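Spelled out, the chains give:
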Amino acid sequence: MKIKLYFGQEDSIRKSGIGRAFVHQKKALELNGIPYTTDKDDLDYDILHINTVWPDSFKMINQARDNNKKIVYHAHSTEEDFKNSFMFSNSVSGVYKKWLINLYTKGDYIITPTPYSKGLLESYGISIPIKAISNGVDLKQFNPTEEQIRMFINEYNIKSNEVIIISVGWLFERKGFDTFVEVAEKLPDYKFMWFGDVKLSRPTKKIKTLLDKLPSNVILPGYVSGDIIKGAYGRSNIFFFPSREETEGIVVLEALASKCNVLLRDIPVFSDWLENGVNCYKGNHTDDFVEIIKKMINGEYPSLVEQGYKVAKERELSKIGKELLEVYEETLNL
């Protein structure tokens with residue numbers, strides 16, 4: 001069995017969660033000895049595993065069909081996580097949903113990251129087989145070292161007594177960037193750092209307004225990768241992710257793997273695998289988050305990093321590769 005992994009227009013969304021998921025797929029297959037190619041012109045494969053929904057996807061799909069290959073479509077996107085993202089996303093979300101359905105149903109099998117996103121796809125009326133498989137996390141990569149933490153501290157002149165609260169992602173309303181700023185305003189003694197590419201986020205009017213008058217304790221380092229971001233996970237007091245909609249949230253897995261204390265918005269996507277007060281903390285609105293953060297920092301709420309790490313271990317990439325192999329075998333037998 002040989003898999004053709006396809007990621008269209010990689011440069012445009014390489015910094016996104018989908019880009020990270022593609023990297024994870026390659027490593028998951030390697031860890032399980034599953035041969036694969038990423039060469040778009042290679043016809044020596046059995047299954048096309050396609051990740052993106054750009055117009056060039058049709059070319060890959062048609063190529064696969066013309067050569068009697070099976071297709072696994074990886075459904076990273078939904079209408080729900082398209083809304084409240086960038087300028088005009090809400091006004092075209094209905095068209096986007098129809099586009100997704102048209103593409104996803106050209107596959108023989110669909111993979112999506114969580115039971116929640118699987119339920120959304122089924123609610124669209126999609127009837128081909130769908131399986132929820134986590135995007136996974138690289139435990140070896142997200143295991144912050146003292147050197148990486150020191151690099152982060154030096155890069156941003158972090159003082160030893162500073163409380164550091166971080167988040168990672170696009171600066172979208174959907175991601176809760178507005179809530180992050182509101183919480184920071186109410187906690188001026190703590191330093192809030194949001195890692196993500198401002199320009200590529202194509203901010204909405206609301207986000208642009210926030211960016212024009214950020215509180216002094218909010219820092220936007222931009223997109224940061226490698227040792228620095230790993231050090232940020234390692235030094236942070238809290239990973240605060242107030243996203244309103246996700247299909248999984250790879251950065252949450254990275255934070256758990258890095259043994260961060262994690263605070264999330266209480267949304268359906270997390271209900272099946274993250275439990276408030278057990279392996280993370282959850283809140284619902286700005287004042288809620290402010291009180292939870294205070295209690296986490298003051299020690300009124302205990303650290304849950306070890307329990308959170310267990311969640312990450314369950315989604316280690318070698319395990320994800322085995323789940324992918326099961327889907328590939330089922331697909332060949334359809």
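Here the structure is shown first, and the text comes after it.
None of the values given here were measured: they were computed from a predicted structure. Positions within a chain are numbered from 1, following the residues in the order the chain's sequence is written. The model is predicted, so local features are restricted to residues of pLDDT at least 70 and side-chain atom pairs to those at 80 or more, both for listing and for counting; the totals for chains, interfaces and linings are taken over all residues. Side-chain metrics rest on all non-hydrogen atoms present in the structure, leaving aside hydrogens and water.

The criterion for strand pairing is that DSSP finds at least two bridges linking the strands in question. Secondary structure elements follow DSSP: runs of H or I of four or more residues count as helices, runs of E of two or more count as strands, with numbering from the N terminus. With respect to topology, six strands assemble into an open sheet ordered S2-S1-S3-S4-S5-S6, the strand pairing being parallel. Edge positions in the sheet fall to strand S2 (36-37) and strand S6 (130-132), since each of these pairs with one other strand and no more. Two strands pair when backbone bridges link them, and strand S3 (residues 47-50) and strand S4 (residues 70-74) are joined in this way by four bridges, in the parallel orientation. Across the sheet, the residue bridging to His 49 is Val 72, located in S4. Sitting on the sheet, helix H6 (residues 115-123) is in contact with strand S5 (109-112) and S6, with an inclination near 160° to S6. Pairs of residues are marked as contacts when any of their non-hydrogen atoms sit within 4.5 Å. Here an angle of 0 to 180 degrees is reported between the N-to-C directions of two axes, which are lines fitted to C-alpha atoms, with helices fitted over the stretch in contact.

As a general point, the strands of a sheet are linked pairwise by backbone hydrogen bonds and lie either parallel or antiparallel. Overall, parallel pairing links the six strands, which are arranged S9-S8-S7-S10-S11-S12 in an open sheet. Looking at the sheet topology across the chains shown, the edges are occupied by strand S9 (218-222) and strand S12 (281-283). Neighbouring strand axes in the sheet, compared pairwise and without regard to direction, differ in orientation by 25° on average. Its contacts with the sheet put helix H10 (residues 226-235) on strand S7 (164-168), strand S8 (191-195) and strand S10 (238-241), and the angle it makes with S7 is roughly 135°. Relative to the sheet, helix H11 (residues 250-257) contacts S7, S10 and strand S11 (262-265), its axis offset from that of S10 by approximately 165°.

All right, on to unusual backbone geometry then. Although it is not a glycine, Asn 68 sits at a positive phi angle of roughly 55°. Within the fold, Asn 68 resides in the loop between helix H3 (56-66) and S4. The cut-offs for exposure are 20% and 50% of the maximum accessible area for each residue type, with area from a 1.4 Å probe on protein chains only; residues under the lower value are buried, those over the upper are exposed, and the others partly exposed. Note on Asn 68: relative accessible area 75%, which makes it exposed. A positive phi angle, near 60°, is found at Lys 259, a position not held by glycine. Its place among the elements puts Lys 259 in the loop between H11 and S11.

It is at 10 Å that the axes of helix H8 (residues 177-186) and helix H9 (residues 205-212) come closest, and there the two elements cross at 30°. Here H8 is positioned roughly parallel relative to H9, judged by the angle of their axes. The two elements H8 and H9 cross, and the hand of that crossing is left-handed. Residues Phe 177, Asp 178 and Val 181 of H8 lie in contact with H9, whose contacting residues are Lys 206, Ile 207, Leu 210 and Leu 211. Any residue outside Ala, Val, Leu, Ile, Met, Phe, Trp, Tyr, Cys, Pro, Asp, Glu, Lys and Arg is labelled polar, Gly included; the first ten of those are nonpolar and the last four are charged. Its residues assigned to classes, the contact of H8 with H9 comprises five nonpolar, no polar and two charged. Small angles under 35 degrees read as roughly parallel and large ones over 145 as roughly antiparallel, with 65 to 115 read as roughly perpendicular and the rest as oblique. Handedness of a crossing follows from how the near helix is turned relative to the far one, being left-handed for an anticlockwise turn of less than a right angle and right-handed for a clockwise one.

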